[in-house]
Amino acid sequence: MIMKYNCLIVDDEKLLADSTAEYFNLFGVRTAAVYGADGCRAFLRENQTELILLDINLSGGNGFDLCRELRETTDIPILFISARTSDDDKIVALNIGGDDYIQKPYSLGVLLAKVKAVLKRYGTPSDYSDGRLTVDTRAKRVLVDGKAVKLTALEFKLLAYLIENRGKAITKNEIFRDVWEDKFTGDGTLNVHIRRLREAIETTPNAPEYIITVWGDGYRFSGVKK
């Protein structure tokens, strides 16, 4: 099964790549890390990603060469990351198809904000896949363990909204406003739809892993770690 990620980090600095990926995952950006050009090629043969963070200095070929190679087959946004400070590097990076040039050392918070901005501009941030649950917002399709799940239009809209804001506690009033577009919708109606979604996608609806109740506030969609 093809796995879908929001971000792929390609960097020879394994500890930095892993810690950055872990940080992104904590904030709802599904991220994987590989450690060289060959690792990137192998990853993309079996997986999909919406964005690549690409270091210039790589084993098995530099980031510039890899970018040129990728640009022959894909228009995935590529953000270069590098400890090199030459203005020439920045010019080359942008001229060969890079979307931005980020200097090391970087702030994880600032980098995460930039990545989210690029995903919002180019990607499909409300799509989700973790190997068990797949939600395709364009096709309005939900799969659980590879099998299609039937949802009403409103149930799908609610699930897509929670996923789009994954990792964030969403108040009931926000859900009423943005999903129902009716501030007078009652708690009972929302509770029924949340229960139906949990019955459709959770392994154990009474102990949910995806749609988490935030007591006194609302709900939060939490990606399941594999």
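Just so you know, these numbers come straight off a predicted model, no measurement behind them.

Q: So what exactly am I meant to see when it comes to the side chain of S82 here?
A: Looking at where S82 falls in the secondary structure, it is placed in strand 6 (residues 78–82). What makes S82 buried here is its relative accessible area of 0%. For S82, the contacting residues outside a window of four places in its chain are D55, I56, Y101, I102, Q103 and K104.

Q: How should I be thinking about the packing of aromatic side chains in this particular structure?
A: For any pair of aromatic rings, the description rests on two quantities: the centre-to-centre distance and the angle between the ring planes. Taken as a whole and judged by the stated rule, the model has 7 aromatic pairs. Ring geometry for Y128 versus F221: centroids 5.2 Å apart, planes at 80 degrees, classification edge-to-face. Residue Y128 is located in strand 8 (residues 128–129), and its partner F221 is located in strand 14 (residues 218–221); the two are separated by 93 residues in the primary sequence. Neither residue differs from the other here; Y128 and F221 are each classed as buried. Both rings, one in F176 and one in W180, keep their centres 6.4 Å apart while their planes meet at 80 degrees; by these two values the pair is edge-to-face. With F176 and W180 both in helix 7 (residues 172–180) and 4 residues apart, the pair spans about one turn of that helix. On the basis of relative accessible area, W180 is assigned to the buried category, the value being 17%. Grouping aromatic residues by their ring pairs yields a cluster made of Y128, Y210 and F221. Over the ring of Y5 we find R30; its NZ or CZ atom is 4.6 Å from the centre of that ring.

Q: Even after reading the chapter, I still don't get the side chain of K104, so can you show me in this structure?
A: Take K104: it is sitting in the loop between strand 7 (100–103) and helix 5 (108–122). Among the polar contacts made by the side chain of K104, one reaches the side chain of D11 at a distance of 2.9 Å. Apart from residues lying up to four places away in sequence, K104 is in contact with D11, E13, L16, D55, I81, S82 and A83.

Definitions and limits used
Residues numbered from 1 in each chain as written. Predicted model: local features only at pLDDT ≥ 70, side-chain atom pairs only at ≥ 80, totals over all residues. Heavy atoms only, no water. Helix = DSSP H or I, 4+ residues; strand = E, 2+ residues; numbered from the N terminus. Buried < 20%, exposed > 50% of the residue type's maximum accessible area, 1.4 Å probe, protein only. Contact = heavy atoms within 4.5 Å. Phe/Tyr/Trp six-rings, centres within 6.5 Å; stacked < 30°, edge-to-face > 60°. Lys NZ or Arg CZ within 6 Å of the ring centre and 35° of its normal. Polar contact = N/O pair within 3.5 Å; in protein donor to acceptor, adjacent residues only side chain to side chain.

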